[in-house]
Amino acid sequence: MSTNSSVRIGLIGAGGIAGAHVAGYLRNPETVTFAAVADPVQEAAERRAGDTGAEIYADYRTMLAEADIDAVDICLPHHLHKDAIVAAARAGKHILCEKPLCLTPEEAAEVDAAVAEAGVTLMCAHNQLFLPAVAKAKELIDSGALGKVYEVRTTDSFYNDFDPSNMGWRAHASTSGGGELIDTGYHPTYLLLHLAGGSPVEVTAMLATHRLTFMEGEDSAQVLVRFDNGVIGSLVTSWAYQPADGTEKFSVVGEAGSLTSDGTSLSLHVRGEEQPTEFELEPVHEFAAEVGHFARSILDGTRPLHTQKEGIEVLGIILAAYESAQHRTIAPVRSVRELVSAPTE
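Residues numbered from 1 in each chain as written. Predicted model: local features only at pLDDT ≥ 70, side-chain atom pairs only at ≥ 80, totals over all residues. Heavy atoms only, no water.

> Just to check I follow, could you spell out the overall build of the chain for this structure?
Scanning the chain for helices and strands turns up 11 helices and 15 strands. Here the C-alpha radius of gyration of the chain, 20 Å, is about what a compact globule of 345 residues would show, namely 20 Å. Oriented by its inertia axes, the alpha-carbon framework of the chain measures out at about 60 × 45 × 45 Å. Classification of the 345 residues of the chain by burial places 54% in the buried group. Put simply, of all contacts in the chain between residues at least 6 apart along the chain, 71% involve residues at least 24 apart. (Helix = DSSP H or I, 4+ residues; strand = E, 2+ residues; numbered from the N terminus. Rg over C-alpha atoms; globule rule 2.2 N^0.38 Å. Buried < 20%, exposed > 50% of the residue type's maximum accessible area, 1.4 Å probe, protein only. Contact = heavy atoms within 4.5 Å.)

What follows is the structure in structure tokens.
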């Protein structure tokens, strides 16, 4: 594929988050063509297609077989991700997939094998990695501005107005994969992984249901993660409450100083310096940046920020957190990694 080409994307799933993805396509007219959309609800598909000229399909398998597309963008409920990824890979299509990548170690192994066998690019749609504060923080960490990193903290909490009438598939563990931690909590987990710069080794967690008692899963979680490079990570996430005033979106502490951010600003305080450095950051459309990065990765043959490797590691942290909370112990992050590396039949 030439660097002067446009990636023709087929959208799979026309629900709520798909609107943000379509906005991302339209902000990348030089590298992205919105070519098709598949959803069994025709009105939803027509709404997403709008006047773009995207072809409409009731079944994504038909779209994979018939549409002129290079890649798919999966915006389905959690429990449907694995089947769509595998089908797209076998059809030779590159893949952008909303979080979570999948739900179980067995699904992770199947995804990893399908993508590797097909030789396609899979990018996890981890939109918060494209926040300017996150990108700058990662640049500073990698440059050695903090020296050896000791600890990373991330937070993603808000007052969610879900009730039994509007929560739908998210209320059930069989379709969501758990509770809040594997949904909104996925964001601070991948952010923790990204900033820590290592692979997760072990996890301890406490879960709670403070307010959304009709859910099968938790509405809040606090998680500690040890990484193989010695970094200790902690995250707090909830649908039950707004975080207290002054709570950071993320912070990083190292031997030479610290970084802290509310998600829009970023401050670097080097040890020994009286005043921190405040960075000027230009706002971006996260989903436009995410879609643009996906397209450039395909066109240029480069690796996306997070592939199935990172998606599987994030899932491993979350599954270990569920195991830890259930058994009240420290759980190793091993099951996903071991199963993915095991020979497949």
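There's more to say after this.
> Just to check I follow, could you spell out the environment of alanine 171 for this structure?
Turning to its location among the elements, alanine 171 is positioned in the loop between β7 (149–157) and α7 (173–176). You can call alanine 171 buried: its relative accessible area is 10%. Excluding its chain neighbours within four sequence positions, the residues that come into contact with alanine 171 are Met215 and Glu216.

> Sorry if this is basic, but what is going on with helix α6 (residues 132–143) here?
What sets the pattern is the α-helix's 3.6 residues per turn: residues three or four places apart point alike. Across its 12 residues, α6 extends 16 Å between first and last C-alpha, which sits within 8% of the 16 Å expected from 1.5 Å per residue. Considered for burial, the residues of α6 that qualify are Pro132, Ala133, Val134, Ala137, Lys138, Leu140 and Ile141. For α6, the secondary structure elements touched by its buried residues are β7, α8 (186–196), β11 (250–254), β12 (257–261) and β13 (267–270). In the segment just after α6, glycine 144 is the residue with positive phi, at about 90°. (Expected span 1.5 Å × (residues − 1).)

> Please explain the packing of aromatic side chains as it appears in this structure.
What describes a pair of aromatic rings is the distance from one ring centre to the other and the angle between the planes of the rings. Per the counting criterion, the structure on display carries two aromatic pairs. Taking the centre distance of 5.0 Å and the plane angle of 55° together, the rings of tyrosine 25 and phenylalanine 34 count as tilted. (Phe/Tyr/Trp six-rings, centres within 6.5 Å; stacked < 30°, edge-to-face > 60°.)

> I would appreciate a short explanation of the sheet that holds strand β6 (residues 122–124) in the present structure.
Whenever strands of a sheet pair, they do so through backbone hydrogen bonds, lying parallel or antiparallel. The strand order β3-β2-β1-β4-β5-β6 describes an open sheet built from six strands, whose pairing is parallel. Across the chains shown, the open sheet's two edge strands, defined by having one partner strand only, are β3 (55–57) and β6. Neighbour to neighbour, the strand axes of the sheet diverge by 25° on average, direction disregarded. Relative to strand β4 (residues 71–74), strand β1 (residues 7–12) is paired through four bridges, and the arrangement is parallel. (Pairing = 2+ DSSP bridges. Axes fitted to C-alpha atoms, helices over the stretch in contact; angles between N-to-C directions.)

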